[in-house]
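Below are the chains, spelled out letter by letter.
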Amino acid sequence: MKTILTYGTFDLLHVGHLNMLERLKSMGDKLIVGVSTDEFNQQKGKQSIFSFDERARIINALSCVDEVIPEKNWQQKPEDIHKYNVDIFGIGDDWQGKFDSLNEFCEVHYLSRTKDISSTSLKQALSNIDKEFIRQIKDNLDHMFTIVKAME
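The sections below set out a description of the structure shown in this document. (Residues numbered from 1 in each chain as written. Predicted model: local features only at pLDDT ≥ 70, side-chain atom pairs only at ≥ 80, totals over all residues. Heavy atoms only, no water.)

1. What to know about the overall build of the protein chain
Right, so step 1: When helices and strands are counted, the protein chain shows 5 helices and 5 strands.
Right, so step 2: Reading the protein chain from its N terminus to its C terminus gives the helix and strand order β-α-β-α-α-β-α-β-β-α.
Right, so step 3: Residues counted as buried form 36% of the 152 residues belonging to the protein chain.
Right, so step 4: A separation of at least 24 residues holds for 64% of the contacts in the protein chain among residues at least 6 apart in sequence. (Helix = DSSP H or I, 4+ residues; strand = E, 2+ residues; numbered from the N terminus. Buried < 20%, exposed > 50% of the residue type's maximum accessible area, 1.4 Å probe, protein only. Contact = heavy atoms within 4.5 Å.)

Below, the structure is given as structure tokens:
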């Protein structure tokens, strides 16, 4: 039985996350996903939209995921690899080379990202939509104010 391990924040779950998790699952029999805790995200300077409990629940609901564990710090990876008898550690290629030291414990695979999608780009797009929506509301209110003034 081959066990695969990966980690991530998994905020704003998108098809890129799903593609990676499904590819990892196809490499073995059991996929364990470490989801970054809120406290660990704070240490990394990240602010998640969804809480750890919500993100872990969403990831756990995916059919390709067999187990979810909390990722509490950078140092736990070798410990988890040993604890869960991990054969393959996999992560997105935006981390290329960062986890090569784990080759001492298991195979390390860097998977290519899904083109044109990331949580960062989604947050940016949502931010832009909010600003545009606010501008439209303001313009409409200004227009209504002009009509009301004209009726006086």
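From this point, the discussion proceeds with the structure in view.
2. Description of the packing of aromatic side chains
Right, so step 1: Per the stated rule, a full pass over the model turns up 5 aromatic pairs.
Right, so step 2: Here the basic side chain of Lys77 rests over the ring of Tyr7, its NZ or CZ set 4.4 Å away from the ring centre. (Phe/Tyr/Trp six-rings, centres within 6.5 Å; stacked < 30°, edge-to-face > 60°. Lys NZ or Arg CZ within 6 Å of the ring centre and 35° of its normal.)

3. Concerning the pattern of salt bridges
Right, so step 1: With the rule as written, the count across this model stands at 5 salt bridges.
Right, so step 2: We note a salt bridge from Lys25 to Asp66, for which the minimum N-O separation is 2.5 Å. Of the two residues, Lys25 sits in helix H1 (residues 15–26) while Asp66 sits in the loop between helix H3 (52–60) and strand E3 (67–71), which places them 41 residues apart along the sequence.
Right, so step 3: Given a relative accessible area of 38%, Asp66 falls into the partly exposed group. (Salt bridge = Lys/Arg side-chain N within 4 Å of Asp/Glu carboxyl O.)

4. Quick word on the pairing of strand E4 (residues 88–92)
Consecutive side chains of a regular strand alternate in pointing toward one face of the sheet and then the other.
Right, so step 1: Of all 5 residues that make up E4, 5 are buried, and the element is covered over most of its length.
Right, so step 2: Bridge analysis of strand E1 (residues 3–8) against E4 gives 2 bridges, and the strand direction is parallel. Pairing of Leu5 across the sheet is with Phe89, part of E4.
Right, so step 3: One ladder, built from 5 bridges, connects E4 with strand E5 (residues 107–111); its direction is parallel. Paired with Phe89 across the two strands is Val108, which belongs to E5. (Pairing = 2+ DSSP bridges.)

5. Considering the nonpolar core
Right, so step 1: Counting residues in each nonpolar core, the largest one holds 16 residues, and the members touching the most others are Phe10, Leu21, Leu31, Val33, Ile59 and Val65.
Right, so step 2: The set of elements that each furnish at least two residues to this core consists of H1, strand E2 (30–36) and H3.
Right, so step 3: If sequence neighbours within four positions are ignored, Ile59 has contacts with Phe10, Leu13, Leu21, Val33, Val35, Val65 and Val68. (Core = buried A, V, L, I, M, F, W, Y, C linked by side-chain atoms within 4.5 Å.)

6. Topic: the sheet that holds E1
Right, so step 1: Strand order in the open sheet formed by 5 strands is E3-E2-E1-E4-E5, with parallel pairing between adjacent strands. Every other strand in the sheet has two partners, leaving E3 and E5 as the edge strands with one partner each. Here the strands of the sheet are splayed against their neighbours by 25° on average, with no regard to which way each runs.
Right, so step 2: In the packing of H1 onto the sheet, the strands contacted are E1, E2, E4 and E5, and the crossing angle to E2 comes to about 145°. (Axes fitted to C-alpha atoms, helices over the stretch in contact; angles between N-to-C directions.)

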